[in-house]
Amino acid sequence: MKRHLHILLACALLLTGCAGGATGAASSAAASSQPAPAKSSSASASAPIEPSGKAKAEMEFTGTVLALTPTTVLVAVDEDCALFKSSDQVTFGTRGLEAIEVAEGDRVRVGCGEMIRETYPAQVDARTWEVLEAEPAAEPVVYDRAGDSMSVTLSADWEYEQYDELADPTPKADESADPAADVPADPEIIGHTIAFWPSADPDCRVELTVEKQALGICGTGVTCEERTFAHAGPGTVAYEDHDGGRWLLVIFAAEDGRYTVRWSPDHAQLETYEETFWSIVDTITVGNEV
């Protein structure tokens, strides 16, 4: 009899354990089927990157301020900056940056971290910034006398001089026993020249001249092209390449072709300064338009 009671008790315990295990498995399955809670975000992806305190700037760029708010700045990045390859405009937060006097249109230099958020405008981690002093506007070099006028505008790294070209007043030795007697008191001016050159290369000399009369072009190897210039208008460009470099002459059509530009660069000067040369020629004004 006792043996039967032990067997019944063992079966009851087994049934109880199985029921408890099933209940636990069901509870676990129900828990795992509940959706996971969404992860919260403390900042919007479009929010500006805030300055990271006094961290050292890892890169710099310069640009022009397009817009300002109390906490953000929008800057147009200069094309010669590495950052321009990522975006032509960037924005950044100003909380924590040094307070500076800045306005729309100002030129600024910004130091920032290497992290760039590729939105548009791109967003950077600004760490330093400063306003750049505006460069003084270039003043044109002007000649205006006796009805002849011309001007050219040069950048700060170019120099110039002006001078009159005079007819040779020196008589031949066999023309007069007293050479001084034939020297006119006021030598004839046959032209006026504004000569200019890059400060780093004084030998790379360009001459803008108003002649007493128009020049002619001759030479079998000369190439002539018609061109219209930004301020001086139409003209003829004549040039000839030679072993040493290039000979070049510009004759403006204004005033019957009396205004000319001469340049004789060697190969290295041509490669270095040709683009700048043509940009300067486009600033030239001739005739009564000065």
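Counting restarts for each chain, with residues numbered from 1 along the sequence as it is written. Given that this is a predicted model, residues contribute local features only at a pLDDT of at least 70 and side-chain atom pairs are listed and counted only at 80 or more, while totals for whole chains, interfaces and linings are drawn from all residues. To obtain the side-chain values, all non-hydrogen atoms of the structure were used and water was disregarded.

## Brief notes about the environment of Asp-78
Then comes step 1: Secondary structure elements follow DSSP: runs of H or I no shorter than four residues count as helices, runs of E no shorter than two count as strands, and numbering proceeds from the N terminus. As for its placement among the helices and strands, Asp-78 is situated in the loop between strand E2 (72-77) and strand E3 (89-93).
Then comes step 2: Exposure remark for Asp-78: the relative accessible area of 15% places this residue in the buried category.
Then comes step 3: With 15 residues separating them in the primary sequence, Asp-78 and Gly-63 have C-alpha atoms 4.9 Å apart.
Then comes step 4: Pairs of residues are marked as contacts when any of their non-hydrogen atoms sit within 4.5 Å. Beyond its immediate sequence surroundings of up to four residues, Asp-78 is in contact with Thr-62, Gly-63, Phe-84 and Arg-107. For every residue, the accessible area (1.4 Å probe, protein chains only) is compared with the maximum for its type, and the residue is labelled buried under 20%, exposed over 50%, or partly exposed between those bounds.

## A word on the side chain of His-192
Then comes step 1: Considering the arrangement of structural elements, one finds His-192 in strand E9 (residues 189-198).
Then comes step 2: Those residues in contact with His-192 that lie beyond four places of it in its chain are Tyr-143, Arg-145, Met-150, Gln-162, Tyr-163, Asp-164, Leu-208, Thr-209 and Val-210.

## Here's the deal with the pairing of strand E11 (residues 223-229)
Then comes step 1: Any two strands are treated as partners once DSSP identifies two or more bridges connecting them. With seven bridges joining them, E11 and strand E12 (residues 233-242) adopt antiparallel strand pairing. What sits directly across from Glu-226, in E12, is Thr-236.
Then comes step 2: Connecting E11 to the next strand, E12, in antiparallel fashion are three residues.

## A look at the confidence of the model for the protein chain
Then comes step 1: Each residue gets a pLDDT score, which is the predictor's confidence in that residue and runs from 0 to 100. Residues of the protein chain with pLDDT of at least 70 account for 73%, and the chain-wide mean is 80.
Then comes step 2: For the stretch residues 1-45, pLDDT sits under 50, and the model shows three contacts to residues farther than four places along the chain or on other chains.

## Observations concerning the packing of aromatic side chains
Then comes step 1: Any pair of Phe, Tyr and Trp rings, taking the six-membered ring for Trp, is counted once the centres come within 6.5 Å. Such a pair is stacked with planes under 30 degrees apart, edge-to-face with planes over 60 apart, and tilted for the rest. Scanning the model with the defined rule gives seven aromatic pairs in all.
Then comes step 2: Aromatic side chains Phe-92 and Trp-129 sit 5.9 Å apart centroid to centroid with 90 degrees between the ring planes, which places their arrangement in the edge-to-face category. With Phe-92 in strand E3 and Trp-129 in strand E5 (residues 122-132), this residue pair connects regions lying 37 residues apart in the sequence.
Then comes step 3: Residues Trp-158 and Phe-196 carry aromatic rings whose centres are separated by 6.2 Å and whose planes lie at 50 degrees to one another, so their mutual orientation is tilted. Here Trp-158, found in strand E8 (residues 158-166), pairs with Phe-196, found in strand E9; they are 38 residues apart in sequence, far enough to count as distant.
Then comes step 4: Looking at Trp-158, the relative accessible area reads 9%, which means it is buried.

## Brief notes about the sheet that holds strand E15 (residues 285-286)
Then comes step 1: The strand order across the open sheet built from three strands is E6-E7-E15, with neighbouring strands paired in antiparallel fashion. This sheet does not close on itself; its edge strands, each paired only once, are strand E6 (140-145) and E15.
Then comes step 2: Relative to strand E7 (residues 148-153), E6 is paired through six bridges, and the arrangement is antiparallel. The partner of Val-142 across the bridge, within E7, is Ser-151.

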